[in-house]
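Overview (structure and organization)
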Amino acid sequence: MSERTGYSAIDRDHTEKAHLAARQALYPAFFNVPFDAISYQEGIEYFKEDGSQGRVGIQWLDSWMSIDRILRVPAPVERSWLEFTVQERFERASAASYRNISITHLNTATGNVSELYKIKAHYFVSGYFDGARFVGKAHICSVERILKKTQSGELRFFKKANHKNQDFITYGYDDLERAGAMLMQIDFSAEAPVVYVPEQATLQRIDHLQQALDSVCGQAKTTNSLLLQLLDQTKAVKPIKRGNVVPINGSFPFEKGAS
């Protein structure tokens, strides 16, 4: 980021510390692998016409494609890995009550397009970081679904301005979940932190179960009772897997007695 957009050394320090925390507390849970199984690349490799290898650096990708990070994650394929690209937005803890993500729209001074029109990342990762650990809720959203639902008019957004000669749009987390764009949420304010993953397959199973119960017993009251129980289960959360997370600053923030 350039000084023209107001990106300072303080901002970069905050972002880098939050990213290191995300390596421990977010990405292992999302990909369901140990934290040290994920490697972080400095660019995207490619082959030139003469067969030699080249690489597009991360700074170029950030400027032109809004890609902040490249993760190489274990996969059951010949090379044993697949790569995923990420745009990160780690706000300060004081912004946790906003419950939304922001994507820059236009540079009002130059008229040039910003992230909304450039972004090619797979995932938009957001959270609130207090300088040492995450607080509140962190989210991983599908960029493709955000763009598609925005294009179709199914995803509500609001446009605002900031102090960096930019305007930006915001999407609320509830709207992102309703649109199917929110893929995972970790609540770090809970004890212990919990992971919520919307499961559309469960909702589909409810529909099939209702048809089966209606045809077998014809008891609407019993059917509705069971359906309500299953609907509650779709909102259930599960504790974050301890094996996939390493302590931040030497201790788990959700353990009693941890600083």
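Here the structure is a predicted model, which means the values were calculated and not measured.

Conventions adopted
- Residues numbered from 1 in each chain as written.
- Predicted model: local features only at pLDDT ≥ 70, side-chain atom pairs only at ≥ 80, totals over all residues.
- Heavy atoms only, no water.
- Helix = DSSP H or I, 4+ residues; strand = E, 2+ residues; numbered from the N terminus.
- Expected span 1.5 Å × (residues − 1).
- Buried < 20%, exposed > 50% of the residue type's maximum accessible area, 1.4 Å probe, protein only.
- Arc of directions from axis to C-beta.
- Salt bridge = Lys/Arg side-chain N within 4 Å of Asp/Glu carboxyl O.
- Core = buried A, V, L, I, M, F, W, Y, C linked by side-chain atoms within 4.5 Å.
- Contact = heavy atoms within 4.5 Å.
- Phe/Tyr/Trp six-rings, centres within 6.5 Å; stacked < 30°, edge-to-face > 60°.
- Lys NZ or Arg CZ within 6 Å of the ring centre and 35° of its normal.
- Pairing = 2+ DSSP bridges.
- Axes fitted to C-alpha atoms, helices over the stretch in contact; angles between N-to-C directions.

**Some thoughts on helix α1 (residues 9-25)**
Taking 1.5 Å per residue, 17 residues should reach 24 Å; α1 reaches 24 Å between its end C-alpha atoms and fits that length. Listing the buried residues of α1 in full gives D11, H14, A18, H19, A21, A22 and A25. The buried side chains of α1 occupy one side of the element, clustering within an arc of 165 degrees when seen end-on.

**Overview of the pattern of salt bridges**
Tallied over the full model, the rule gives eleven salt bridges. Between K149 and E154 there is a salt bridge whose closest N-O contact spans 3.3 Å.

**A few points about the nonpolar core**
One finds L26, Y27, F31, I38, L71, V125 and F134 to be the most contacted residues of the largest nonpolar core, which totals 26 residues. Among the secondary structure elements, those contributing two or more residues to this core are α1, α2 (27-31), β4 (69-74), β5 (81-92), β7 (123-129), β8 (134-142) and β11 (182-187). Excluding its chain neighbours within four sequence positions, the residues that come into contact with F134 are A18, A21, A22, A25, L26, F90, Y128, F129 and F188. Ranked by size, the runner-up nonpolar core spans 24 residues in total, among them L116, F124, I146 and I169.

**Thoughts on the environment of H19**
Residue position: H19 is located in helix α1. In the structure, H19 is positioned 50 residues away from R69 in sequence and 9.2 Å away in space, judged by C-alpha atoms. If we skip the residues at most four places from it in the chain, H19 touches Y27, Y40, R69, E88 and F90.

**Observations regarding the environment of S94**
Inspection of the secondary structure puts S94 in the loop between β5 and β6 (100-107). S94 sits 41 residues away from V135 along the chain, and the two C-alpha atoms are 9.7 Å apart.

**Looking at the packing of aromatic side chains**
We describe a pair of aromatic rings using the distance from one ring centre to the other and the angle between the two ring planes. Using the criterion set out here, one finds eleven aromatic pairs in the structure. Pairing F134 with F188 gives two aromatic rings, centres 5.5 Å apart and planes at 25 degrees, and the pair type is stacked. Placement of the pair is F134 in strand β8 and F188 in the loop between β11 and β12 (194-196), with a sequence separation of 54 residues. Take F134: its relative accessible area is 4%, and that puts it in the buried class. Of the residues examined, F188 reaches a relative accessible area of 15% and is grouped as buried. One aromatic cluster in this structure is built from F30, F31, F84 and Y123. One cation-aromatic arrangement involves R23 over Y40; the distance from NZ or CZ to the ring centre is 3.9 Å. Above the face of the W81 ring, R72 is positioned so that its terminal group lies 3.7 Å from the ring centre.

**Considerations on the pairing of β11**
A regular strand carries its side chains on alternate faces of the sheet. Within β11, five of the six residues are buried, which leaves it mostly tucked inside the rest of the structure. Sheet topology note: the β8/β11 ladder contains five bridges and is antiparallel. Note on β11: the bridge partner recorded for K137 is D187. As defined by bridge partners, β11 adjoins β12 across three bridges and the pair is classed as antiparallel. Looking at β12, one finds that Q185 is bridged to Y196. As consecutive antiparallel partners, β11 and β12 are separated by six residues.

**Description of the sheet that holds β6**
Strand order in this open sheet of three strands is β6-β10-β9, and the pairing throughout is antiparallel. Either end of the sheet is taken by a strand with one partner, and the two such strands are β6 and β9 (158-161). Strand-to-strand twist in this sheet, taken as the mean axis angle between neighbours without regard to direction, amounts to 30 degrees. Examined bridge by bridge, β6 and strand β10 (residues 166-172) share seven bridges and lie antiparallel to one another. Within β10, the position partnered with I101 by the bridge is Y171.

**A word on unusual backbone geometry**
With an omega of 0 degrees, the peptide bond between E191 and A192 qualifies as cis. In this fold, A192 is placed in the loop between β11 and β12. Positioned with a positive phi, S66 is a non-glycine residue whose angle comes to about 55 degrees. For S66, a relative accessible area of 2% corresponds to the buried category.

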